[in-house]
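Working through the structure, step by step
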Amino acid sequence: MSFDLSVIPNKNIVLAVTGGIAAYKSAILVRRLKDVGFNVRVVMTQGAQAFITPLTFQALSGNPVHTELLNPEAEAGMGHIELARWADLLLVAPASCDTLAKFAAGLADDLLSTLYLATKSPVWVAPAMNQQMWAAKATQRNLNTLVQDGVHVIMPDAGSQACGDVGLGRMPEPEDLARQVTEYFHKAQRAIAEKFGMLAGKHVVVTAGPTREAMDPVRYISNHSTGKMGFALAAACYAAGAKVTLIAGPVSLDTPNGVRRMNVSSAVQMLDISMQMLDEGCDIFIATAAVADYRVAEVAEHKIKKAGDDLNISLIKNPDIVATIAQQQKRPFMVGFAAETRNVEEYAAGKLVAKKLDMIACNDVSRADIGFASDENAMIVFFAEQYQMQKRDLEKASKQEIAQQLVEAIHDALHYEIEPV
Ligand SMILES: Cc1cc2nc3c(=O)[nH]c(=O)nc-3n(C[C@H](O)[C@H](O)[C@H](O)COP(=O)(O)O)c2cc1C
């Protein structure tokens, strides 16, 4: 079993705790849900507060606990409607007989029952009770009603109960509940990927081509980058369902279908636009551009005239675009490129760590058959340590095919799998 971390970080769970002896397990459940990366807010019924204090849940969730429906202060902040909208899932664990009955009857006389009616999010209930209460006709009738209403019922475990009985009615262990919830979001994400593409819903920003660093109004310093790899990647990301912005240095290539293109010339301009894209909300930043490391310290206002045998031009360092973006607090998934002429793997692995990238693709541009102007490429891809992914050798292929494989590598890293909590 595995958990998908890429979909968990921005998912919101309202955990509702009701008045059952299993309420103590919900404290651990909050921990487990937080471990996976969910945002958790806790709602408690009056009954639940007889078993465990709101303070416990406040400390564990890192959020205030919601207990009152008719609380003017709560309404001003996160009232039942706001909570209802905030939730990606309403998980009621433990769900008492009483709460199940209220849900089935459509009552709205406390915060939880009102929230249940007000939310559009999926609702899961984990009934926990004495085995006789579970078997009671009224309870089973209410559960049937809830299933018909679209509520997902997590079956209780069988075993010895707090009251001394043995039978069905134990709330599943918190680890098991956290796993079920995580898998639900995992599956939902996979369904979206299958239907809309591997990068569906993501905004990908790709930088491509060389930069031009002006010396005077007619001359510049640049490099041999053609932008082909970046343009192929932009096209592949769009085909994978992403919204794509391509920040292009001066190249003579057609804009790929569906891609938004922003032309720039210098490294400083490229950084400016890249930072703007972060403000727009960028999920994945792919830096293929061959950005000039240095620019001319003082660009001459007029054409530099031929004079003497030597011409000395002073250069100053350009900003490091990738490193700058990777340092931002709300940073996207960062993909770097390394074009080297020797010790390719060693340099690339060093750059991955030094620039705090998530993934780096490197190639040997000293090889005549691949690289800059070529239509083909061959790359080695490294991932940051936390992804626990093996490096990948992408054999020589067209830049379109390499781009497709890089999209798969990004997708796999974003959906990397870890052992269950
Ligand atoms: C010691 C004790 C343990 C209880 N355990 C459970 C239980 O495990 N499951 C349940 O459905 N009700 C249990 N109840 C009954 C509920 O607390 C009671 O029905 C209460 O009204 C539930 O309110 P709520 O659904 O608003 O939280 C228990 C009551 C007591 C006094």
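As annotated in an unreviewed UniProt entry, the chain is Coenzyme A biosynthesis bifunctional protein CoaBC from Acinetobacter terrestris.

**Structural notes on the domain arrangement of the chain**
Here the domain parsing of the chain yields domain 1 (3-194) and domain 2 (197-418). Just the C-alpha atoms count here: the centres of domain 1 and domain 2 sit 46 Å apart.

**Observations concerning unusual backbone geometry**
The linkage connecting Ala-93 with the following residue, Pro-94, adopts the cis geometry, with an omega of -5°. Of note, Pro-94 is situated in strand S4 (residues 89-95). Within the chain, Asn-343 stands out as a residue other than glycine whose phi angle is a positive 45°. Along the polypeptide, Asn-343 turns up in the loop between strand S17 (333-340) and helix H13 (344-354). At Lys-356, a residue that is not glycine, the phi angle is positive and equals roughly 55°. Its location among the elements puts Lys-356 in the loop between H13 and strand S18 (359-364). Judged by relative accessible area, which is 54%, Lys-356 ranks as exposed.

**Observations regarding helix H11 (residues 267-280)**
Taking 1.5 Å of rise per residue, the 14 residues of H11 would be expected to cover 20 Å, and the 20 Å separating its terminal C-alpha atoms lies within 8% of that figure. Among all positions in H11, only Ala-267, Met-270, Leu-271, Ile-273, Ser-274, Met-277 and Leu-278 are buried. Packing partners of the buried residues in H11 comprise strand S9 (203-208), strand S10 (213-214), strand S12 (243-248), strand S13 (260-263), strand S14 (284-287) and helix H12 (321-327). Within two residues after H11, Gly-281 carries a phi angle of roughly 100°, on the positive side.

**Notes on the site of the ligand**
In the vicinity of the ligand lie 14 residues, with Gly-19, Thr-45, Ser-96, Cys-97 and Thr-99 positioned nearest. Between Ser-96 and the ligand, the recorded distance is 2.5 Å, taken from a side-chain N or O atom to an oxygen atom. Ala-128 is positioned with one of its backbone polar atoms (N or O) 2.9 Å from a nitrogen atom of the ligand. Taking 640 Å² as the accessible area of the ligand by itself, protein coverage stands at 62%. Considering every element that reaches the shell around the ligand, the biggest residue donor is helix H5 (residues 97-105), with 3 residues.

What counts and how
Residues numbered from 1 in each chain as written. Predicted model: local features only at pLDDT ≥ 70, side-chain atom pairs only at ≥ 80, totals over all residues. Heavy atoms only, no water. Domains from an automatic or database assignment. Helix = DSSP H or I, 4+ residues; strand = E, 2+ residues; numbered from the N terminus. Buried < 20%, exposed > 50% of the residue type's maximum accessible area, 1.4 Å probe, protein only. Expected span 1.5 Å × (residues − 1). Contact = heavy atoms within 4.5 Å. Near = heavy atom within 4 Å. Polar contact = N/O pair within 3.5 Å; in protein donor to acceptor, adjacent residues only side chain to side chain. Areas by Shrake-Rupley, 256 points an atom, 1.4 Å probe, with all protein chains shown as cover.

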